[in-house]
Amino acid sequence: MIWETYLLAQRAIRRNALRSTLTVLGIVIGVAAVITMVTLGSGATAQVTSDIAKLGSNMLQVRVGQGFHRGGGARGAATPFRMADVQAIEQQIHGLQGVAPVSSSGMQAIYGNANWSTTITGSNADFLVVRDWPMARGRIFTESEMRAGQAVCVLGATVQRRLFGDEDPLGATIRLGKIAFRVIGVLGAKGQSSFGTDQDDFVLIPLRTLQRRVAGNTNVGSIMVSAMDGVPTEAVQTDIERLLRERRNIAAAQEDDFHVRDMKEIIDTLTGTTRVLTALLGAVAAVSLLVGGIGIMNIMLVSVTERTREIGTRLAIGALERQVLLQFLVEAVVLACFGGVIGIALGLGAAALAAHLLAIPFIFNPGIVSAAFLFSALVGVVFGYFPARQAARLDPIEALRYE
Amino acid sequence: MGTLIQLEQVTKVYGRGHAAVNALDRIDLTIERGEFVAVMGHSGSGKSTCMNILGCLDTPSSGTYRFGGVDVGALSRDQRALLRRHYLGFVFQGFNLLNRTSAIENVELPLIYRGIPIRRRREQAAAALAAVGLSGWEQHTPGELSGGQQQRVAIARAIVTDPDVLLADEPTGNLDTARSREIMSLITRFNQERGLTVIMVTHEADMAAYARRRVDFLDGRIVTAAEGPGAMAKGPQKAPTT
Ligand SMILES: Nc1ncnc2c1ncn2[C@@H]1O[C@H](COP(=O)(O)OP(=O)(O)OP(=O)(O)O)[C@@H](O)[C@H]1O
Ligand SMILES: [Mg+2]
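Throughout this document, residue positions are counted from 1 along each chain, in the order its sequence is written. To label them, take the chains in the order written and letter them from A, then take the ligands in the order written and number them from 1. It should be noted that, the model being predicted, local features are given only for residues of pLDDT at least 70 and side-chain atom pairs only at 80 or more, the latter also being counted only at that level, while totals for whole chains, interfaces and linings use all residues. Hydrogens and water are ignored here; the side-chain numbers use all heavy atoms of the structure.

- By the naming in an unreviewed UniProt entry, chain B is ABC transporter ATP-binding protein, taken from Desulfatitalea alkaliphila.

- The name recorded for chain A in an unreviewed UniProt entry is ABC transporter permease, from Desulfatitalea alkaliphila.
- Taken from UniProt, the Sequence similarities (unreviewed entry) comment for chain A reads in full: "Belongs to the ABC-4 integral membrane protein family."
- Recorded in UniProt under Subcellular location (unreviewed entry), the annotation for chain A is "Cell membrane". UniProt positions are given in the numbering used here, feature names are shortened, and annotations may be inferred rather than shown by experiment.

### What to know about the interface of chain A and chain B
Phase 1 of the analysis: The interface is formed by 24 residues belonging to chain A together with 24 residues belonging to chain B.
Phase 2 of the analysis: Across the interface of chain A and chain B, roughly 2300 Å² is buried in total on both sides, 54% from carbon and sulfur atoms.
Phase 3 of the analysis: Buried area is understood as the total, over both parts, of accessible area removed when two parts are fitted together, assessed with a 1.4 Å probe. When the buried area of chain A at its contact with chain B is split by residue, Arg15(A), Ile317(A) and Ile397(A) rank highest and sum to 26% of it.
Phase 4 of the analysis: The salt bridge definition used is simple: a Lys or Arg side-chain nitrogen within 4 Å of an Asp or Glu carboxyl oxygen. Between chain A and chain B we count 2 salt bridges in total.
Phase 5 of the analysis: Numbering of helices and strands runs from the N terminus; a helix is a DSSP stretch of H or I covering at least four residues, while a strand is a stretch of E covering at least two. Breaking the side of chain A that touches chain B down by element, the ones donating at least two residues are helix 1 (2-15), helix 10 (308-317), helix 11 (321-358) and helix 13 (396-401) of chain A.
Phase 6 of the analysis: For the side of chain A that touches chain B, the element with the highest residue contribution is helix 10 of chain A, accounting for 7 residues.
Phase 7 of the analysis: For this classification, the nonpolar set comprises Ala, Val, Leu, Ile, Met, Phe, Trp, Tyr, Cys and Pro, the charged set comprises Asp, Glu, Lys and Arg, and every other residue, Gly included, is treated as polar. Residue composition of the side of chain A that touches chain B, grouped by class: 11 nonpolar, 4 polar and 9 charged. Residues count as neighbours in contact if any of their non-hydrogen atoms are within 4.5 Å of one another.

### Here's the deal with the side chain of Asp216(B)
Phase 1 of the analysis: Position of Asp216(B) relative to the elements: it lies in strand 9 (residues 213-218).
Phase 2 of the analysis: At 3.1 Å, the side chain of Asp216(B) and the side chain of Arg214(B) are in polar contact. Any N or O atom pair separated by 3.5 Å or less is treated as a polar contact, with the protein-specific requirement of one donor-capable and one acceptor-capable atom, and with residues adjacent in sequence counted only for side-chain atom pairs.

### A short note on the nonpolar core
Phase 1 of the analysis: Counting residues in hydrophobic clusters, the biggest one holds 39 residues, and the most contacted among them are Val107(B), Leu129(B), Val153(B), Ile155(B) and Leu166(B).
Phase 2 of the analysis: For this core, the secondary structure elements donating two or more residues are strand 3 (36-41), helix 3 (103-113), helix 4 (118-131), helix 5 (147-159), strand 7 (165-169), helix 6 (177-194), strand 8 (197-201) and helix 7 (205-208) of chain B.
Phase 3 of the analysis: Counting residues per element, this core draws most heavily on helix 5 of chain B, at 6 residues.
Phase 4 of the analysis: Among residues more than four places away in sequence, those in contact with Leu166(B) are Gly89(B), Val91(B), Ala158(B), Ile159(B), Ile187(B), Leu196(B), Thr197(B), Val198(B) and Ile199(B).
Phase 5 of the analysis: Core analysis: the next-biggest nonpolar cluster, separate from the first, contains 34 residues, Val34(A), Ala285(A), Phe328(A) and Val369(A) among them. By convention a nonpolar core is built from buried Ala, Val, Leu, Ile, Met, Phe, Trp, Tyr and Cys residues, the set being connected through side-chain atoms within 4.5 Å. Summary of the burial criterion: residues with accessible area below 20% of their type's maximum are buried, those above 50% are exposed, and those between are partly exposed, where the area comes from a 1.4 Å probe applied to protein chains only.

### Considerations on the pairing of strand 2 (residues 21-32) of chain B
All names here are of chain B.
Phase 1 of the analysis: Two elements, strand 1 (residues 3-14) and strand 2, share 8 bridges in a ladder whose sense is antiparallel. Within strand 2, the residue paired with Lys12 across the bridge is Leu24.
Phase 2 of the analysis: At least two DSSP bridges between two strands are required for those strands to pair. Between strand 1 and the antiparallel strand that follows it, strand 2, lie 6 residues; Gly15 among them carries a positive phi value of about 75°.

### Things to note about the environment of Thr197(A)
Residues and elements named next belong to chain A.
Phase 1 of the analysis: Positionally, Thr197 belongs in the loop between strand 7 (179-187) and strand 8 (202-206).
Phase 2 of the analysis: Along the chain, Thr197 and Gln47 lie 150 residues apart, while their C-alpha atoms are 14 Å from each other.
Phase 3 of the analysis: Setting aside its immediate chain neighbours within four residues, Thr197 contacts Gly191 and Gln192.

### Description of the UniProt feature "transmembrane region" (unreviewed entry) in chain A
Phase 1 of the analysis: In this numbering, the UniProt entry assigns the feature "transmembrane region" (unreviewed entry) to residues 21-40, 279-304, 324-357 and 363-386 of chain A.
Phase 2 of the analysis: Along residues 279-304 of chain A, the helical share is 100% and the strand share 0%, with 37 Å between the first and last C-alpha atoms.

### Topic: the pattern of salt bridges
Phase 1 of the analysis: In this structure the tally under the stated criterion is 23 salt bridges over all chains.
Phase 2 of the analysis: Of the charged contacts, one joins Arg245(A) and Asp256(A) as a salt bridge, the two residues approaching to 2.2 Å between their closest N and O atoms. Note that Arg245(A) is positioned in helix 8 (residues 233-247) and Asp256(A) in the loop between helix 8 and strand 10 (258-262), a separation of 11 residues in sequence.
Phase 3 of the analysis: With a closest N to O distance of 3.7 Å, Arg189(B) and Glu193(B) form a salt bridge. Of the two residues, Arg189(B) and Glu193(B) are both situated in helix 6; the distance of 4 residues between them amounts to about one turn of the helix.
Phase 4 of the analysis: The exposure class assigned to Glu193(B) is exposed, which follows from its relative accessible area of 58%.
Phase 5 of the analysis: Overlapping salt bridges, with partners in common, bring together Arg307(A), Glu310(A), Arg314(A) and Glu331(A) in one network.

### Details of the pairing of strand 1 of chain B
Phase 1 of the analysis: Sheet topology note: the strand 1 of chain B/strand 4 (residues 62-67) of chain B ladder contains 5 bridges and is antiparallel. Bridging from a neighbouring strand, Ile5(B) pairs with Phe67(B) of strand 4 of chain B.

### Concerning the sheet that holds strand 5 (residues 70-71) of chain B
Residue and element names in this part refer to chain B.
Phase 1 of the analysis: If you walk across this open sheet you meet the 4 strands as 2-1-4-5, and the pairing is antiparallel. Each having just a single partner strand, strand 2 and strand 5 make up the two edges of the open sheet.
Phase 2 of the analysis: Bridge count between strand 4 and strand 5: 2 bridges; the pairing is antiparallel. Its bridge partner being in strand 5, Phe67 is matched across the sheet by Val70.
Phase 3 of the analysis: In this analysis, axes come from line fits to C-alpha atoms, helices being fitted only over the stretch in contact, and the angle between any two N-to-C directions falls in the range 0 to 180 degrees. Its contacts with the sheet place helix 1 (residues 47-54) against strand 1, strand 2 and strand 4, and it is angled at close to 125° to strand 1.

### A few points about helix 4 of chain B
Phase 1 of the analysis: A helix is expected to span 1.5 Å multiplied by its residue count minus one. End to end, helix 4 of chain B covers 20 Å across 14 residues, agreeing with the expected 20 Å (1.5 Å per residue, within 8%).
Phase 2 of the analysis: Listing the buried residues of helix 4 of chain B in full gives Arg121(B), Ala125(B), Ala128(B), Leu129(B) and Ala131(B). Projected onto a plane normal to the axis of helix 4 of chain B, the buried residues spread over an arc of 155° and lie on a single side. Exposed residues lying more than 90 degrees from the buried face of helix 4 of chain B are Arg119(B) and Glu123(B).
Phase 3 of the analysis: Here the buried face of helix 4 of chain B lies against helix 1 of chain A together with helix 3, helix 5 and helix 6 of chain B.
Phase 4 of the analysis: After helix 4 of chain B finishes, the residue Gly133(B) shows a positive phi value of roughly 75°. Regarding the arc, it is the one traced by the directions from the helix axis to the C-beta atoms.

See the structure below:
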């Protein structure tokens, strides 16, 4: 009987092909919007996740202040890290691949006539280990250069291109602010990060040099640490937390005034934004589905009026009230599902195209596709019910006499 | 054969107060199984109203209607629908075929509600169309058929379920004499061969002459209930069709 009813509904819909198509346009647009948004959203999330994984999934970042989940409150007030903290971590925490203190400062880089505003990062040789960053040419600073705080630098690929173009930078002298630095190496190019910043736009110098000649203090902005393969980052994280609490004399009841983030946390924060955006757009799409549902209800009411005599005939011939109800309900549902299927196809197509243009991965999400389909069916049931009941409750005699 | 239909003091009132119309006024009528009854009367005399009640589409305002001994007035809407589905066949005053739907699908309609599988349904519908002389017209829609052909499709739809009773409201109303004769001999054949009980409304004495019994309505009352073909030699004047 359901199959019969389905065939019947299909025929009724095909009898008014144009009108049916226009009717489901609302649903088509709604579903297509949902599918596109969610597919692109998960593509973007995957992109961010894989970009960050490329930073090194075994990487941890230690910062002063509280985690940015908690608003980052007292960051300025807390004591900054010193080199002694870095050494303590190096010596007392086991299973580490590298420990890189990092401080940064914005500055003008000048070579001859070329002039480029960039970031100077003070760190040590472990920076390359922790960030898994290859050298393109030259070398990284030596132990003695670091200890002495010499004016040597390694250029990020972008800075090298901006200042030197095709010229060989090795051995050249550039100026960072007022200080002259000798170029000893060039880093490999990493390209854009997923947040659209150029990762290669910086100059790496020994931390000591930055502290003495640029910042004029002995602060360490943050400490990047990478665990050896097979060492769980959670364990490293708790070890570092314990060590730093001790060194910073934090009482048992007090909260940390520093924060150790692993990559998962960073990923969560960044994808959180994407997720909120997706949810927002999803809500807009849901509204358009609602509008689509009202369109279906409207056209079903028109259909019931138009087909009053047909309904009368069916009732007279022996159709039960619920069979007529079912017929019109199925018709509304088939109509809505038809719109849903078109919307899904359209949405996936649009998402594939947009993913291609935005250079993010296209991720087919069967969950959202079936959810969209079920939701459009639900729209059909909800908005088809009232007209269907209207049809089922017709008086057969009145319906037969209807002109 | 036994009594199939029994109306006792059946009244049907439309509207209320000053506007109230007694469409039927205390009707008594008994019809036996296998009878062929012609219902006649002026326009507005209550024929269709009576047919609606006999067809279990409507219930009396007062009085009782028994179909096969069952009090129809006591049945629910769905129970009456089931009764129509299994025992009655209708030929409506204006065909009431489904538009843009082929002849065979129109004829199949009552079989669908009887839950008959598609294969057998097709066969039975084709047989019914053949019985009314419409073999080869199965795929034509009502729009592509003449009035007489449409009327025959309507008859095929009414008899395809092999019902106990055929209720026909002016089955020849829109047809010329030759076509009317064809339809009438068809109905007569079903009446004689299958023992189908036929109740037929008509304005034309010629058509009523096919029936074995005639019931005349006047202003909601039955004035004669004549027996035999001879009885309707002088029928009432031909009234315009509504
Ligand atoms: N649904 C209704 N509401 C109000 N009055 C009605 C209704 N149906 C019928 N009537 C009235 O009941 C009376 C009988 O109508 P009915 O249709 O039974 O006549 P009829 O004998 O079939 O006439 P015709 O030969 O023209 O078909 C008429 O006066 C009509 O106006
Ligand atoms: Mg009538």
